[in-house]
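What the coordinates show
Spelled out, the chains give:
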Amino acid sequence: MSANHRTDQPSDQLQNYSGRARLVSGLWTFQATVAGGVSCPGGGTAPSTETYAFDDGTLSGTHTSLHDAECGLEPVMSKQPFSLQLAGPPPSPIQRYPLQCNDVAICY
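What this report covers is the structure whose coordinates are included nearby. (Residues numbered from 1 in each chain as written. Predicted model: local features only at pLDDT ≥ 70, side-chain atom pairs only at ≥ 80, totals over all residues. Heavy atoms only, no water.)

Comments concerning the overall build of the protein
For clarity, the cut-off: Segments assigned H or I by DSSP are reported as helices when at least four residues long, segments assigned E as strands when at least two residues long, and all are numbered from the N terminus. Each residue is assigned to one of three classes by its accessible area relative to the maximum for its type, calculated with a 1.4 Å probe on protein chains only: buried under 20%, partly exposed between the two thresholds, exposed over 50%.
A count of helices and strands for the protein gives one helix and five strands. Secondary structure elements in the protein, listed N-terminal to C-terminal, are α-β-β-β-β-β. For the protein, the proportion of its 108 residues judged to be buried stands at 18%.

So this is what it looks like as structure tokens:
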């Protein structure tokens, strides 16, 4: 899972970051630390940790957002459900797990 184009718009920067999705307990899980993920009451921003976990069969999952006590705010954890939609037909044949990984989790 990756979305990593550069932009100068703050709202776009909150939605565009990259990382690796890993299969954890049957869910594809992606976590990123977002430098300006929290808006501070007096202006400015603080970091947040964003985690997305989803089932590749149902295309539904949970987005969890965490931040510490920053800029006068209490620490917060919030969870929201989400669903994914296919943007077009998948390639044929479908490779469910396209990466080949060895015993030490090096994938190619």
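Back to the write-up after that little detour.
Brief notes about the pairing of strand S2 (residues 27-39)
Applicable threshold: The pairing criterion is simple: DSSP has to find at least two bridges between the two strands.
Where strand S1 (residues 21-24) lies against S2, four bridges are found, and the strand directions are antiparallel. Along S2, the bridge assignment pairs Ala 21 with Phe 30. Here S1 folds back onto S2 in antiparallel fashion, the turn holding two residues, of which Ser 25 has a positive phi close to 50°. As defined by bridge partners, S2 adjoins strand S3 (residues 45-54) across nine bridges and the pair is classed as antiparallel. Bridge pairing in S3 places Ala 32 opposite Glu 50. Taking the residues between adjacent antiparallel strands as the criterion, S2 and S3 are bridged by five residues, where Gly 43 takes a positive phi near 105°.

Structural notes on the side chain of Ser 65
For the record, the criterion: In protein, a polar contact means a hydrogen-donor-capable atom and an acceptor-capable atom, both N or O and within 3.5 Å, with residues adjacent in sequence counting only if both atoms are side-chain atoms; elsewhere, any N or O pair within 3.5 Å suffices. Residues count as neighbours in contact if any of their non-hydrogen atoms are within 4.5 Å of one another.
Looking at the secondary structure, you find Ser 65 in strand S4 (residues 60-67). One polar contact links Ser 65 to Glu 50, side chain to side chain, over a distance of 2.9 Å. Those residues within four positions of Ser 65 in sequence are excluded, and the remaining contacts are Ser 48, Thr 49, Glu 50, Val 76, Met 77 and Ser 78.

A few points about the packing of aromatic side chains
The cut-off we apply is this: Each aromatic pair joins two rings of Phe, Tyr and Trp (for Trp, the six-membered one) with centres within 6.5 Å, and gets the label stacked for planes under 30 degrees apart, edge-to-face for over 60, and tilted for any other angle.
Tallied over the entire structure, the rule returns two aromatic pairs. Relative to Tyr 52, the ring of Phe 30 has its centre 6.3 Å away and its plane inclined at 40°; by these criteria the two rings are tilted. One end of the pair, Phe 30, is in strand S2; the other, Tyr 52, is in strand S3, and 22 residues separate them in sequence. Since its relative accessible area comes to 2%, Phe 30 is described here as buried. Ring centres of Tyr 52 and Phe 82 lie 5.7 Å apart, and the angle between their planes is 75°; on these two criteria the pair is classed as edge-to-face. Of this pair, Tyr 52 sits in strand S3 while Phe 82 sits in strand S5 (residues 76-83), and the two are 30 residues apart along the sequence.

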